[in-house]
Amino acid sequence: MPKYIPHKKLLLSVFLMCFSWLTFAQPIVIVKDGPGICAGGKITISTTDASLVDYKWEIFRSTGWSAVPFENNAKLSTAEPGKYHLLAIDNVGASRVSNELNIVLLPSPPTPIITPSRNVNQICQGDSLILKTTFLTGYQLFWSFDDVQLSIPQTVQIVAKKAGKYDLLLVDQSPLSNACSAKSTSFKLDYTSTIIVKID
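Notes on the structure in this doc start here.

1. Examining the state of the cysteines
Disulfide: a covalent bond connecting the sulfur atoms of a pair of cysteines.
Here is step 1: According to the stated counting rule, one finds one disulfide in the structure shown.
Here is step 2: Shown here is the disulfide that connects C38 with C180, its sulfur atoms set 2.1 Å apart. An S-S torsion of about -90° defines the bridge between C38 and C180 as left-handed. Placement of the pair is C38 in the loop between β1 (31-32) and β2 (43-46) and C180 in the loop between β15 (164-172) and β16 (181-183), with a sequence separation of 142 residues. With respect to class, C38 is no different from C180; both count as buried.

2. Focus on the sheet that holds β2
Here is step 1: One open sheet accounts for three strands, arranged β1-β2-β5; its pairing is antiparallel. Across the chains shown, the open sheet's two edge strands, defined by having one partner strand only, are β1 and β5 (75-78).
Here is step 2: Here two bridges tie β1 to β2, and the two strands are oriented antiparallel to one another. Pairing of V31 across the sheet is with S46, part of β2.

3. Topic: the nonpolar core
Here is step 1: With 16 residues, the main nonpolar core has I30, I45, W57, Y84, L86 and I103 as its most contacted residues.
Here is step 2: Elements with a minimum of two residues in this core: β2, β3 (52-61), β6 (82-90) and β8 (101-103).
Here is step 3: Among the elements that make up this core, the one with the highest residue count is β3 (four residues).
Here is step 4: Apart from residues no more than four positions distant in its own chain, I30 is found in contact with I45, S46, T47, W57, Y84, H85, L86, S98, N99 and L101.
Here is step 5: I114, L141, Y166 and L168 belong to the second largest nonpolar core, which has 14 residues in total.

The rules behind the values
Residues numbered from 1 in each chain as written. Predicted model: local features only at pLDDT ≥ 70, side-chain atom pairs only at ≥ 80, totals over all residues. Heavy atoms only, no water. Disulfide = S-S within 2.5 Å. Helix = DSSP H or I, 4+ residues; strand = E, 2+ residues; numbered from the N terminus. Buried < 20%, exposed > 50% of the residue type's maximum accessible area, 1.4 Å probe, protein only. Pairing = 2+ DSSP bridges. Core = buried A, V, L, I, M, F, W, Y, C linked by side-chain atoms within 4.5 Å. Contact = heavy atoms within 4.5 Å.

What follows is the structure in structure tokens.
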């Protein structure tokens, strides 16, 4: 009696079903480009899986998983902390799901304070004023004048010789930070008015 051989199309269908099932069992790997989100900043979540053709990012809310609107590619840039995952369709039509990533909001560094060496905000032309701040371990200091960063070594004080706006940026260098920063209140320095005395 001849052995029964299934039709080729049936074999192909069974193969594709098994392949799709195996593909579904393989999770997508998503990664983040930093430890978390700085206040006012964003973080990028992405996958490098080249087999994916359709993407749906979701965030977990109090009502369950919810789609992130207008995000339908391999990268998601978000400013919202929370738990994320990716649902996708690959190039053979199989549904895939990623690992979950918990995105946290990182603590902000302390706001730096600029303190003048004298309790003044005006100087004579040709005079100067020392501006200083408190040293904090684990942070970098960046001084700027009229919104242009000063090319000076990082230091807790500078000598202000020009009228204008001085700012200080404090950047967290901790490996658990995402280089989160805090900016001081601007210190505005003016020139004193010149009084011309005319003697007849």
